[in-house]
Amino acid sequence: SSTDCMGTLTKTIWDAAAILSVIAGYDPLDATSSKRPTARYEKELGRSYRARIGIPKEFFEGLDKKVAKVVEVALKILEKKGHKLVSISLPHSKYAYSIYAVVQTSEVSSNLARFDGIRYGTGRENFREEAKRRIMIGTHSLSAGYADRYYKQATKGRTLLFRDFDKAFKKVDIIAGPIYPFPPFKHGEREADPLQMYLSDVLTVPANLTGHPGISVPIEFVGNLPNGLQLIAPYFQEKRLFRIGYDVEQELKMYKVKPNLKE
């Protein structure tokens, strides 16, 4: 539950901002929602804003060269727009996926335990392979003799991630980096290798674990498939994501660009 967050898929930054203006805000039936006032995010687009953008060095370690190249193009655009690029470090982000794998599967196991064929009239035989896999891993992580070794250690590691982001946001206004560590793969291409499929999330789970708002802005095609620039903002600062994402979008106009099918 702690990693659950509703997101939207849109064609433009304006679309994403307009939808968030509708769905954001307090819900008396949602214990995780905040009473903080929300903004009309789409009205923030185009307003003058110059940010200090943090570039985590860990996000570029082992990064595919093609992906690194298109991300660097997007970062240069932001620099040209007047934003300042600042090198930062998120030292514990390299452990983020390991932490996520334990925390998320443990929560899956706990949340789905009610489907035992008694209380809800149905058992777990209706779950697909991925759900079963996560239930088994999570159950192991929470089992007697292993909870201290895995789950509790993962929660300690998560605390270190929180501290990394808190320290970074004292120096910068927003964090930027790649979305994928390698070129995007085709639909269903990695179903036979779940581990490789999981590794595609290695750069996005840090923000997922800490609960910081993030967005992926399309920037360029790599091997005829779209690639994105990841932007992460401090808590309740979604307007920064849209303002900076809008700068990239207006320059590249990715939603109007088509891939080179001759490659």
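First, a word on what this report is: a plain description of the structure on this page. (Residues numbered from 1 in each chain as written. Predicted model: local features only at pLDDT ≥ 70, side-chain atom pairs only at ≥ 80, totals over all residues. Heavy atoms only, no water.)

### Considerations on helix α8 (residues 238-252)
For step 1, the next point in the chain: The terminal C-alpha atoms of α8 lie 21 Å apart, and with 15 residues this matches the ideal 21 Å at 1.5 Å per residue to within 8%.
For step 2, the next point in the chain: For α8, the full list of buried residues reads Glu238, Arg240, Leu241, Phe242, Arg243, Ile244, Gly245, Asp247, Val248 and Glu249.
For step 3, the next point in the chain: Contacts made by the buried residues of α8 are with α1 (13-23), β1 (52-56), α2 (65-80), β3 (174-178), β4 (214-222) and β5 (225-232). (Helix = DSSP H or I, 4+ residues; strand = E, 2+ residues; numbered from the N terminus. Expected span 1.5 Å × (residues − 1). Buried < 20%, exposed > 50% of the residue type's maximum accessible area, 1.4 Å probe, protein only. Contact = heavy atoms within 4.5 Å.)

### So, the packing of helix α3 (residues 96-111) against helix α5 (residues 151-168)
For step 1, the next point in the chain: Direction vectors running N to C along α3 and α5 enclose 125 degrees, while the axes themselves pass 9 Å from each other. Judged by the angle between their axes, α3 and α5 are oblique. The element α3 and its partner α5 pack so that their crossing is left-handed. Here Ala96, Ile99, Val102, Val103, Ser106 and Glu107 of α3 lie close against α5, whose contacting residues are Tyr151, Ala154, Gly157, Arg158 and Leu161.
For step 2, the next point in the chain: For the contact of α3 with α5, the residue count by class is 7 nonpolar, 2 polar and 2 charged. (Axes fitted to C-alpha atoms, helices over the stretch in contact; angles between N-to-C directions. Parallel < 35°, antiparallel > 145°, perpendicular 65-115°, else oblique. Left-handed = near helix turned anticlockwise from the far one by under 90°. Nonpolar A, V, L, I, M, F, W, Y, C, P; charged D, E, K, R; others polar.)

### Examining the pairing of strand β2 (residues 84-88)
For step 1, the next point in the chain: Pairing of β1 with β2 involves 5 bridges; the strand directions are parallel. If you follow isoleucine 53 over to β2, its bridge partner there is leucine 85.
For step 2, the next point in the chain: What joins β1 to β2 is α2, and the crossover it makes is right-handed. (Pairing = 2+ DSSP bridges. Right-handed = clockwise from strand over helix to strand, strands pointing away.)

### Digging into unusual backbone geometry
For step 1, the next point in the chain: In the Ramachandran plot, phenylalanine 236 falls in the positive-phi region, its phi being about 65 degrees despite a non-glycine side chain.
For step 2, the next point in the chain: Along the chain, phenylalanine 236 turns up in the loop between β5 and α8.
For step 3, the next point in the chain: The exposure class assigned to phenylalanine 236 is partly exposed, which follows from its relative accessible area of 42%.

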